[in-house]
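Structure assessment
As a plain string of letters, each chain reads:
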Amino acid sequence: MAGLSQNCARKLLKALNHLRTFHATAICEKAKTGAEHRWLARHLKDPFVKAAQVQNYRCRSAFKLLEIDQKHQILLPGHVVVDCGAAPGAWSQVAVQRVNAAASDPKASVGFVVGVDLQHLSPLNGAIFLSNADITDLDTQYKIKNILPGGMADVILSDMAPNATGIRDLDHRRIVAVCLSLLDLAQSILRPGGTVLCKLWDGSESQMLQKRLAQCFSSVRTLKPQASRKESAETFFLAKSYKENKKYLEN
Ligand SMILES: C[S@@+](CC[C@H](N)C(=O)[O-])C[C@H]1O[C@@H](n2cnc3c(N)ncnc32)[C@H](O)[C@@H]1O
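Residues numbered from 1 in each chain as written. Predicted model: local features only at pLDDT ≥ 70, side-chain atom pairs only at ≥ 80, totals over all residues. Heavy atoms only, no water.

Structural notes on the pattern of salt bridges
Per the counting criterion, the structure on display carries ten salt bridges. The salt bridge partner of Arg191 is Asp154, with a shortest N-O separation of 3.0 Å. Within this pair, whereas Arg191 is found in strand E5 (residues 190-201), its partner Asp154 is found in strand E4 (residues 153-158), the two being separated by 37 residues in sequence. Note that Arg173 is salt-bridged to Asp169, the shortest N-O span being 2.8 Å. With Arg173 and Asp169 both in helix H7 (residues 168-189) and four residues apart, this pair spans about one turn of that helix. For Asp169, a relative accessible area of 37% gives the class partly exposed. (Salt bridge = Lys/Arg side-chain N within 4 Å of Asp/Glu carboxyl O. Helix = DSSP H or I, 4+ residues; strand = E, 2+ residues; numbered from the N terminus. Buried < 20%, exposed > 50% of the residue type's maximum accessible area, 1.4 Å probe, protein only.)

Some thoughts on the packing of aromatic side chains
According to the stated counting rule, one finds four aromatic pairs in the structure shown. Centroid distance Phe48 to Phe63: 5.7 Å. Interplanar angle 45°. Geometry classified as tilted. With a gap of 15 residues between them, Phe48 in helix H3 (residues 47-54) and Phe63 in helix H4 (residues 62-72) connect regions that are remote in the sequence. Seen in terms of ring centroids, Phe217 and Tyr242 are 4.9 Å apart; in terms of plane orientation they differ by 45°. Their pairing is tilted. Of this pair, Phe217 sits in strand E6 (residues 217-223) while Tyr242 sits in strand E7 (residues 234-242); the two residues are 25 residues apart in sequence, bridging distant segments of the chain. Take Phe217 and Tyr242: they sit in the same class, and that class is buried. One aromatic cluster is present, built from ring pairs that chain together Phe48, Tyr57 and Phe63. (Phe/Tyr/Trp six-rings, centres within 6.5 Å; stacked < 30°, edge-to-face > 60°.)

What to know about the sheet that holds E5
Within the open sheet, the seven strands sit side by side as E3-E2-E1-E4-E5-E7-E6. Their pairing is mixed. A single partner strand is all that each edge strand has here, and the edge strands are strand E3 (127-130) and E6. Mean inter-strand twist for the sheet, computed between neighbouring axes without regard to direction, equals 15°. Across five bridges, the pairing between strand E1 (residues 80-84) and strand E2 (residues 112-116) is parallel. Considered in E2, the bridge of Val81 is made with Val113. (Pairing = 2+ DSSP bridges. Axes fitted to C-alpha atoms, helices over the stretch in contact; angles between N-to-C directions.)

Dropping the structure here:
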């Protein structure tokens, strides 16, 4: 609002709020089923949705990463970060701020953020985005390696979620499969001592995934941040201190 008179800024904010209400009403009118109405009612009341609007995050999931990072300090100035399943880009926004990838703090080391998604990603200052790219595809993994400074990363984030079918066990197995592909990516790009944070929907293969992570990392924790809805099977594995590995993918 710099450069605007107070009166003008107030009018602009009022108009913006009016637009938001109009948008919410329009979406509500589009909801056809009872389940859609319930989802919308919950979404519109959600304090994290409101906070994301106020703080200009692209979606509420920003607060999951903010909380995890606040507690576990995984993103530091100067870090190189790969954000898998980055669309619409809220985790990348958090990563850019935390690692100083847009050089907004001239005194801190400047980090680097690459975001990848199957969907289109709108540009974000401080991040390089690979849209329409599948992380499980080796070509995408080579592309990422070529973009990274020195071909290496300190942190791999994954909030990836395959399209849910509603069949709990199937959805669980599919998300575990994308999490396992992160181990191939880690073998190619993750520095010894590095971190992987990945989302999964809990189920019968969670323990197997945890064990696989524990073979490659010195510590693996299960996390459920407050912004993650209690009724959701969503949970996160935080794997820290990547063990040295000799087998990097060739360029
Ligand atoms: C919950 S959204 C991520 C939200 C994001 N963390 C943010 O804060 O904006 C999950 C994303 O994972 C992406 N995704 C699922 N499978 C993927 C894959 N194999 N490769 C790349 N992206 C994938 C989906 O397209 C979707 O955009």
